[in-house]
Amino acid sequence: MFRRSAAKCRNISCRPPFHYTRPVSGCHHAPRHPRKDARPQALLAAPLATLVYKGLPATRAEEVAARAGVSKGTLYRYYPSTEELFKAVVRNCLVARIAEGADMVAQHRGTSCELLTLVMDEWWRQVGLGVAGGISRVMMAEAQQFPELARFYADEVIAPTHALLGGLIERGTASGEFRPVTVMETVHGRIGPLRRLL
């Protein structure tokens, strides 16, 4: 696992690693052709690429159902609208990763510098390098057209991410590993470069 020295982390200068070469979507994958009675979780891999590459307005239930190997009626049974489908994809691909990050923080026994690097490293490996990394780009592009989804994304993705990274920075500051900083400004500084790479 990639590591930085504690001295360099005094200024929270650990940059996200870019040494991975195999894309990983960060989502729980479903079988290529799920049965028609497939559970909701099994349908979520199919719409990801469509949502990311076409956007919300151009995503059609017929196409998603065909990619999932189910009927349109089966898809509508679980996700009656594109908005509900998008929420489910976000929860599967992003919210679940944030929860895993929180578990990682709770179980970590090393330094805050190592932990910050590990959390950013895992996010980049599981989300940033795969199709799921495009979800945030879709949301930024279409937030005005879908304000309810924008609020959902802010509540379930942005706020928990800021809280997770902010808590890490506060932890490192309290232990003397990081110099005192304005926490939210530093969080934005950590996330901003990754957004531009998506």
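Residues numbered from 1 in each chain as written. Predicted model: local features only at pLDDT ≥ 70, side-chain atom pairs only at ≥ 80, totals over all residues. Heavy atoms only, no water.

(A) Quick peek at the overall build of the chain. A count of helices and strands for the chain gives eight helices and zero strands. The linear arrangement of helices and strands in the chain, starting from the amino end, is α-α-α-α-α-α-α-α. The proportion of buried residues among the 198 residues of the chain is 45%. If you sum the accessible surface of the chain, you get close to 10400 Å²; carbon and sulfur atoms cover 55% of it. (Helix = DSSP H or I, 4+ residues; strand = E, 2+ residues; numbered from the N terminus. Buried < 20%, exposed > 50% of the residue type's maximum accessible area, 1.4 Å probe, protein only. Areas by Shrake-Rupley, 256 points an atom, 1.4 Å probe, with all protein chains shown as cover.)

(B) Region of interest: the nonpolar core. Grouped together as the largest cluster of nonpolar side chains are 32 residues, with contacts concentrated most on L75, F86, V90, L94 and I135. Going through the elements one at a time, α1 (45-54), α2 (61-68), α4 (82-107), α6 (135-142) and α7 (147-174) are the ones with two or more residues in this core. Here the element with the most residues in this core is α4; it accounts for eight residues. Within the second largest apolar cluster, 14 residues are counted, among which are L116, V119, L164 and L168. (Core = buried A, V, L, I, M, F, W, Y, C linked by side-chain atoms within 4.5 Å.)

(C) Fine view of the packing of α1 against α2. Across the interface, α1 lies against α2 with an axial gap of 8 Å and an inter-helix angle of 140°. Our classification of the angle between α1 and α2 gives oblique. Crossing angle aside, the handedness with which α1 passes α2 is right-handed. The segment α1 lies against α2, with A46, P47, A49, T50 and K54 engaging E63, V64, R67 and A68. (Axes fitted to C-alpha atoms, helices over the stretch in contact; angles between N-to-C directions. Parallel < 35°, antiparallel > 145°, perpendicular 65-115°, else oblique. Left-handed = near helix turned anticlockwise from the far one by under 90°. Contact = heavy atoms within 4.5 Å.)

(D) Geometry of the environment of I98. Among the structural elements, I98 can be located in helix α4. For I98, a relative accessible area of 13% corresponds to the buried category. When the C-alpha positions of I98 and T161 are compared, they lie 6.6 Å apart, and in sequence the two are 63 residues distant.

(E) Expanded view of the side chain of E122. Examined against the element boundaries, E122 turns out to sit in helix α5 (residues 112-128). The class for E122 is buried, based on a relative accessible area of 14%. Within polar-contact distance, the side chain of E122 engages the side chain of R125 at 2.8 Å. (Polar contact = N/O pair within 3.5 Å; in protein donor to acceptor, adjacent residues only side chain to side chain.)

(F) Structural context of the packing of aromatic side chains. What the rule picks out here adds up to one aromatic pair. Geometry around F152 places K87 over its ring, the cationic atom sitting 5.6 Å from the centre. (Phe/Tyr/Trp six-rings, centres within 6.5 Å; stacked < 30°, edge-to-face > 60°. Lys NZ or Arg CZ within 6 Å of the ring centre and 35° of its normal.)

(G) Structural context of α7. Spanning 28 residues, α7 covers 38 Å between terminal C-alpha atoms, matching the ideal 40 Å at 1.5 Å per step. Along its length, α7 shows its largest kink, about 40°, at A154. Buried residues of α7: L149, F152, Y153, V157, T161, H162, L164, L165, G166, L168, I169 and G172, and no others. Within two residues after α7, G176 carries a phi angle of roughly 85°, on the positive side. (Expected span 1.5 Å × (residues − 1). Bend = angle between axes of the 7 residues up to and from the residue.)

(H) A look at the confidence of the model for the chain. Here the chain shows a mean pLDDT of 79. Residues at 70 or above account for 76%. Here helix α8 (residues 183-197) is the element of the chain with the lowest mean pLDDT, 71, and α7 is the one with the highest, 93. Here residues 12-25 is a poorly scored stretch, pLDDT under 50, and it has 41 contacts once near neighbours within four places are set aside; other chains count. (pLDDT = per-residue confidence, 0-100.)

(I) Summary view of the packing of α1 against α6. Relative to each other, α1 and α6 sit at 45°, their axes nearing to 9 Å. As summarised for this structure, α1 and α6 are arranged oblique, according to the angle between their axes. Relative to α6, the crossing made by α1 is left-handed. From α1, L48, L51 and V52 reach across to α6, where they touch I135, R137 and V138. Here the contact of α1 with α6 is built from residues that sort into five nonpolar, no polar and one charged. (Nonpolar A, V, L, I, M, F, W, Y, C, P; charged D, E, K, R; others polar.)

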